[in-house]
Amino acid sequence: GYGRTGVIYYENDTGVNESQVISRLRMNIDAATSTDQGVDFGARFRIQWDQNSDDSGQLNAGKLWVTSNGLTVEIGNTETAMDSSGLIYATELGSYDRSVGFSGVVGDFFAYDADPYGNSANDTSNRLGVFAKYEIAGATVMGSMIDPDQANDLPAGIDKEYSLAVDYTWNDVLELSAAYTQNGAGFEDNDIFFVGARYAVMPNARVGLNYIDTNDEDDSEYGAVGQTFALYGDYTLADGMTNIEAYVANNNRDSNETDNAFGIGVNYDLGGARLGASLQRDYSENVTADMGVRFEF
Amino acid sequence: GYGRTGVIYYENDTGVNESQVISRLRMNIDAATSTDQGVDFGARFRIQWDQNSDDSGQLNAGKLWVTSNGLTVEIGNTETAMDSSGLIYATELGSYDRSVGFSGVVGDFFAYDADPYGNSANDTSNRLGVFAKYEIAGATVMGSMIDPDQANDLPAGIDKEYSLAVDYTWNDVLELSAAYTQNGAGFEDNDIFFVGARYAVMPNARVGLNYIDTNDEDDSEYGAVGQTFALYGDYTLADGMTNIEAYVANNNRDSNETDNAFGIGVNYDLGGARLGASLQRDYSENVTADMGVRFEF
Amino acid sequence: GYGRTGVIYYENDTGVNESQVISRLRMNIDAATSTDQGVDFGARFRIQWDQNSDDSGQLNAGKLWVTSNGLTVEIGNTETAMDSSGLIYATELGSYDRSVGFSGVVGDFFAYDADPYGNSANDTSNRLGVFAKYEIAGATVMGSMIDPDQANDLPAGIDKEYSLAVDYTWNDVLELSAAYTQNGAGFEDNDIFFVGARYAVMPNARVGLNYIDTNDEDDSEYGAVGQTFALYGDYTLADGMTNIEAYVANNNRDSNETDNAFGIGVNYDLGGARLGASLQRDYSENVTADMGVRFEF
């Protein structure tokens, strides 16, 4: 797991304080065993506390997995293919790994749930997830299915989510990612397509391009947010510990104040922990900034 | 703890899907210490998630224990004598350890509570459990008392549960079990008597007979289910890893469609995990089947 | 963490049973990491179950901390300066560490919260704590700030709590403690002042004097309880394992049946666990006694 804390600033935030201390504490409780045949079985609970959101650490639903010969299958509160895509979160900046210009507009799809299942039509305690991942050479192929309620008929407008993703890395230099989700987050017709590429132009510098296609924002019943492009890159200074990163992104919603968002960030590696900061402007022309520390354990 | 997952089928299940993926993830959080005098003190929390029942892993109430010279005493959310009886669950089949013909009709009594205490008259947060176990030679003697509410007067019809059990093993060949519970699950007059025996007719084959006596089903306020006999056995194939098991059971309730239930199951030991399946028919003449994997850690 | 169990007796307790089995099970879940520069980062969750109060173990909000060169800073669900004061709880007796004459009348201030944050005006999920501690030679200086709600305007009568404390130990013989809290527990004007001293008159005998000043009890909106003195001491027998301890205390509230409270206790060290008992009389002239065991792990 990890801990992170620091300050996040939102311009024109509706709350009283535009700057707040925001912390997260995440601990994974993992258990595993190996059979005589070399098959690994395991399971995970997660305890997560998000400052301002949670009044205490939250336990989530369990995940069970089995791995053998490069194939992993998960049951329960599983990962999903799109959320595990190699580049979909590559534009994120700073110690908080935030990207209002791209990660903020990828639409609505299921992911491993760090909180208890909810009580909405697409998030019941009867939710069933199945996820499979196969790794070979530099390629990873993933597929997932989330049934919002395996015990009852699904209500109108709710359907099973299917997701497929492929990642490929060539020679540690070129990364390619593609993912497709049908009925994202269980909303019928909420289909999402993602493709991304990143290239290491120098050993310490990378440039990437991401594209994501969600439905038009008129499909507001499931929070569709149009199409978005992002150009991004990062550069590591000669000290080997300071990493500068940035993105510019373009989204085509009619409701945008501006169609362009951008951000710049920096991370300083302490070895076991990192200090980070970012400055970004979103599609409402509001500026947001953060500064903090994140440590892994 | 352990994880298990697979598919359970119920004929004529009232739900939409007769077959569902059912998983459980159980992790015990144990802590212990030893004094200079050789007395061991310890404690346990459990986190358990049951698919379809729980929206997240559930923490339960704590158990504290002390052990010395073969005597163990527990305080808090304790085990109970009847639930710890050596043979009461010996008819169970497959990776899910289910037995609709016998474990399904043992009546209502307290056990170690894997979930939070409830809000009913016999399950308050003021519940107090005391359990003692003494092991000597091949014999185990256990006694338990559960007070549903130590802080207030108990309501009418609710009383403390007392339970006593004795297990005896002779020469690794013969197992004998007997248990008696008064006011099972805190319901006054809900008295339950159990006796069982199992004999190893060959090193790889065992045969057993169980009998349990609960009140007549007219005492529906505490779910009494009459008397039940079960004949059961298991046989390990020459590979040493495949175990075949079966039972036939007879229950005398007037409301039964049939007084006979039976089941057959198989387990295949992977070393650290096991695959299992079972096929059973219950007293409503409905067939249920399951197939899955269970791994310990 | 630790476990403890035993029996507590309250004279004239409003409940049905004056004597009850009271147990607590506390487990800390700690994680930490060290950077290349020798800075330590860490975090804690706690799971705690209090018999009769909790229907299951409770997870609390997270604490994140960083330590370097004697300076520790905590963020989130932090310690507070007054609650960490070296002598404020020094009058406590027995295995339950109870002191109705002094710890029972220290007033209302924030502490590390072992339970989830509540839903009252001074205990929201937006609570923010910051705590700093600096240790040098025999001195410890601590300061803390708790903002009951960093996201919204605080309601009338609610304000941030500030707390400052200093501990000093001289030659392992003399301990001095002082602490001051402003707006204790977030209640405006609920200011509390504490000072204490303890002196080892012999290697196995100590005598101490504590004084705490809270507002007059007329300020009932935040539970002020006047001024209290306590004289206390403890003596270890020649076996090195039996510790006798006692206190007498004087509180000046008009509503007291008596202004004097006192208690005597004993602890027997088992090495890893301890047996303890105490007998006390409070300001209502009620007697309370306890006997139990406590073990650390």
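This text follows the structure it describes.
A short tour of the structure in this document, coming up. Because the structure is predicted, anything quoted here is derived from the model rather than measured.

**Looking at the overall build of chain A**
- Helices and strands together make up the secondary structure of chain A, namely zero helices and 18 strands.
- Within chain A, the proportion of its 297 residues that are buried is 53%.
- Nonlocal contacts in chain A, meaning residues at least 24 apart in sequence, comprise 49% of its contacts between residues at least 6 apart.
- When the accessible surface of chain A is summed, it comes to about 12300 Å², and 52% of that surface belongs to carbon and sulfur atoms.
- When the 16 positive and 47 negative side-chain charges of chain A are each reduced to one mean point, those points stand 7 Å apart.

**Here we look at the relation of the copies chain B and chain A**
- In the superposition of chain B on chain A (RMSD 0.0 Å, axial shift 0.0 Å), the rotation amounts to 120 degrees. Put plainly, the chains are arranged around a three-fold axis. The rotation axis passes nearest to the C-alpha of leucine 59 of chain B in chain B, at a distance of 5.0 Å.

**Digging into the pattern of salt bridges**
- Tallied over the entire structure, the rule returns 36 salt bridges over all chains.
- Of the charged contacts in the structure, one is a salt bridge between arginine 294 of chain A and aspartate 97 of chain A, with a shortest N-O distance of 3.2 Å. Of the two residues, arginine 294 of chain A is situated in strand β18 (residues 287-296) and aspartate 97 of chain A in the loop between β7 (71-76) and β8 (128-136); the sequence distance between them amounts to 197 residues.
- The exposure class assigned to arginine 294 of chain A is buried, which follows from its relative accessible area of 12%.
- Between arginine 44 of chain C and aspartate 30 of chain C there is a salt bridge, with its nearest N and O atoms 2.7 Å apart. Here the residue arginine 44 of chain C occupies a position in strand β4 (residues 40-50), and aspartate 30 of chain C occupies one in strand β3 (residues 24-34), the gap between them amounting to 14 residues.
- Salt bridges here are not isolated pairs; linked through shared partners, they connect Asp97, Arg274, Arg294 and Glu296 of chain A.

**Some details on the interface of chain C and chain A**
- On the chain A side, the residues contacting the 33 residues of chain C number 30 residues.
- Between chain C and chain A, a total of about 2500 Å² is buried, with carbon and sulfur atoms accounting for 66% of that surface.
- Among the residues chain C hides against chain A, the three largest losses belong to Phe45, Leu64 and Gln150 of chain C. Together they make up 24% of the total.
- On the surface where chain C and chain A come into contact, there are six residue pairs in polar contact (both at pLDDT 80 or more).
- Contributions of two or more residues to the side of chain C that touches chain A are made by β3, β4, β6 (63-68) and β7 (71-76) of chain C.
- If you tally residues by element for the side of chain C that touches chain A, the top one is β3 of chain C, at six residues.
- Its residues assigned to classes, the side of chain C that touches chain A comprises 14 nonpolar, 13 polar and six charged.

**A few points about the side chain of serine 56 of chain C**
- With respect to the helices and strands, the residue serine 56 of chain C is situated in the loop between β4 and β5 (58-59).
- Note on serine 56 of chain C: relative accessible area 6%, which makes it buried.
- Those residues in contact with serine 56 of chain C that sit more than four places away from it in its chain are Leu59, Asn60, Ala61 and Pro116 of chain B together with Gln48 and Trp49 of chain C.

**Notes on the pairing of strand β17 (residues 273-281) of chain C**
Residue and element names in this part refer to chain C.
- Across eight bridges, the pairing between strand β16 (residues 260-269) and β17 is antiparallel. Counted as the bridge partner of phenylalanine 262 is arginine 281 from β17.
- Where β16 folds back on β17, the antiparallel hairpin that results is connected by three residues, among which glycine 271 adopts a positive phi of roughly 75 degrees.
- As paired elements, β17 and strand β18 (residues 287-296) share nine bridges and run antiparallel to each other. Bridged to glycine 276 within β18 is glycine 292.
- Counted between consecutive antiparallel strands, the loop separating β17 from β18 contains five residues, among which glutamate 285 sits at a positive phi close to 65 degrees.

**Some thoughts on a negative patch on the surface**
- Together, Asp216, Asp218, Asp254 and Asp259 of chain A make up a negatively charged patch on the protein surface.
- Among the secondary structure elements, aspartate 216 of chain A is positioned in the loop between β13 (205-213) and β14 (227-236).

**Notes on unusual backbone geometry**
Residues and elements named next belong to chain A.
- A positive phi is found at asparagine 171, a non-glycine position, where the angle reads about 60 degrees.
- Looking at where asparagine 171 falls in the secondary structure, it is placed in the loop between β10 (161-170) and β11 (174-182).
- Here the phi dihedral of aspartate 172 falls at roughly 60 degrees; this positive angle occurs in a residue that is not glycine.
- Looking at where aspartate 172 falls in the secondary structure, it is placed in the loop between β10 and β11.

**Re the interface of chain B and chain A**
- Taken together, the contact pairs 30 residues of chain B with 33 residues of chain A.
- Broken down residue by residue, the surface that chain B buries against chain A is led by Trp49, Asp55 and Phe295 of chain B, which jointly contribute 21%.
- One can count zero salt bridges joining chain B with chain A.
- Where chain B packs against chain A, one counts six residue pairs in polar contact (both at pLDDT 80 or more).
- Contributing elements (two or more residues each) for the side of chain B that touches chain A: β1 (2-10), β2 (19-21), β3 (24-34), β4 (40-50) and β18 (287-296) of chain B.
- A per-class count over the side of chain B that touches chain A returns twelve nonpolar, 13 polar and five charged.

**Comments concerning the packing of aromatic side chains**
- A full pass over the atoms with the stated rule returns 15 aromatic pairs over all chains.
- An aromatic cluster is built from Phe41 of chain A together with Phe295 and Phe297 of chain B, whose rings are joined through pairwise contacts.
- Geometry around tyrosine 2 of chain B places arginine 294 of chain B over its ring, the cationic atom sitting 3.8 Å from the centre.
- In this structure, lysine 63 of chain C is placed above the aromatic ring of tyrosine 112 of chain C, and the distance from its NZ or CZ to the ring centre is 4.8 Å.

**Re the side chain of serine 177 of chain B**
- The topology assignment puts serine 177 of chain B in strand β11 (residues 174-182).
- There is a polar contact of 3.3 Å between the side chain of serine 177 of chain B and the backbone nitrogen of glycine 86 of chain B.

**Quick word on the environment of methionine 142 of chain B**
All names here are of chain B.
- With respect to the secondary-structure elements, methionine 142 resides in strand β9 (residues 139-147).
- Separated by 23 residues in the primary sequence, methionine 142 and alanine 165 place their C-alpha atoms 5.1 Å from one another.
- Non-local contacts of methionine 142, meaning those with residues more than four positions away in its chain, are made with Ala81, Ser84, Ser85, Phe131, Ala132, Lys133, Ser163, Leu164, Ala165 and Asp167.

**Some details on the pairing of strand β12 (residues 192-202) of chain A**
All names here are of chain A.
- One ladder, built from eight bridges, connects β11 with β12; its direction is antiparallel. Of the residues in β12, the one forming a bridge with leucine 176 is alanine 197.
- Inspection of the sheet shows β12 paired to β13 by nine bridges, in the antiparallel sense. In the sheet register, valine 195 faces β13, and the bridge partner there is tyrosine 211.

**Re the environment of serine 144 of chain B**
Residue and element names in this part refer to chain B.
- Secondary-structure assignment places serine 144 in strand β9.
- On a C-alpha basis, the gap between serine 144 and asparagine 69 in space is 19 Å, while along the polypeptide they are 75 residues apart.
- Dropping the residues within four chain positions of it, serine 144 is found in contact with Glu79, Thr80, Ala81, Val130, Phe131, Glu161, Tyr162 and Ser163.
- For serine 144, the side chain forms a polar contact with the main-chain nitrogen of alanine 81, separated by 3.0 Å.

**Re the environment of aspartate 108 of chain A**
Residues and elements named next belong to chain A.
- Tracing the sequence through the fold places aspartate 108 in the loop between β7 and β8.
- Between the alpha carbons of aspartate 108 and threonine 181 there is a distance of 9.9 Å; along the sequence they are 73 residues apart.
- Sequence-distant contacts of aspartate 108, that is, excluding residues within four places in its chain, are made with Gly184, Ala185, Phe187, Asn190, Ile192 and Tyr222.

The rules we used
Residues numbered from 1 in each chain as written. Chains lettered and ligands numbered in written order. Predicted model: local features only at pLDDT ≥ 70, side-chain atom pairs only at ≥ 80, totals over all residues. Heavy atoms only, no water. Helix = DSSP H or I, 4+ residues; strand = E, 2+ residues; numbered from the N terminus. Buried < 20%, exposed > 50% of the residue type's maximum accessible area, 1.4 Å probe, protein only. Contact = heavy atoms within 4.5 Å. Areas by Shrake-Rupley, 256 points an atom, 1.4 Å probe, with all protein chains shown as cover. Lys, Arg positive; Asp, Glu negative; His and termini not counted. Charge placed at Lys NZ, Arg CZ, Asp CG, Glu CD. Least-squares fit on C-alpha atoms with pLDDT ≥ 70 in both. Salt bridge = Lys/Arg side-chain N within 4 Å of Asp/Glu carboxyl O. Buried area = accessible area lost by both parts, 1.4 Å probe. Polar contact = N/O pair within 3.5 Å; in protein donor to acceptor, adjacent residues only side chain to side chain. Nonpolar A, V, L, I, M, F, W, Y, C, P; charged D, E, K, R; others polar. Pairing = 2+ DSSP bridges. Patch = residues over 30% accessible without salt bridge, like charges linked within 9 Å, V, L, I, M, F, W, Y side chains within 5 Å. Phe/Tyr/Trp six-rings, centres within 6.5 Å; stacked < 30°, edge-to-face > 60°. Lys NZ or Arg CZ within 6 Å of the ring centre and 35° of its normal.

Purely geometric numbers; function is a separate question.
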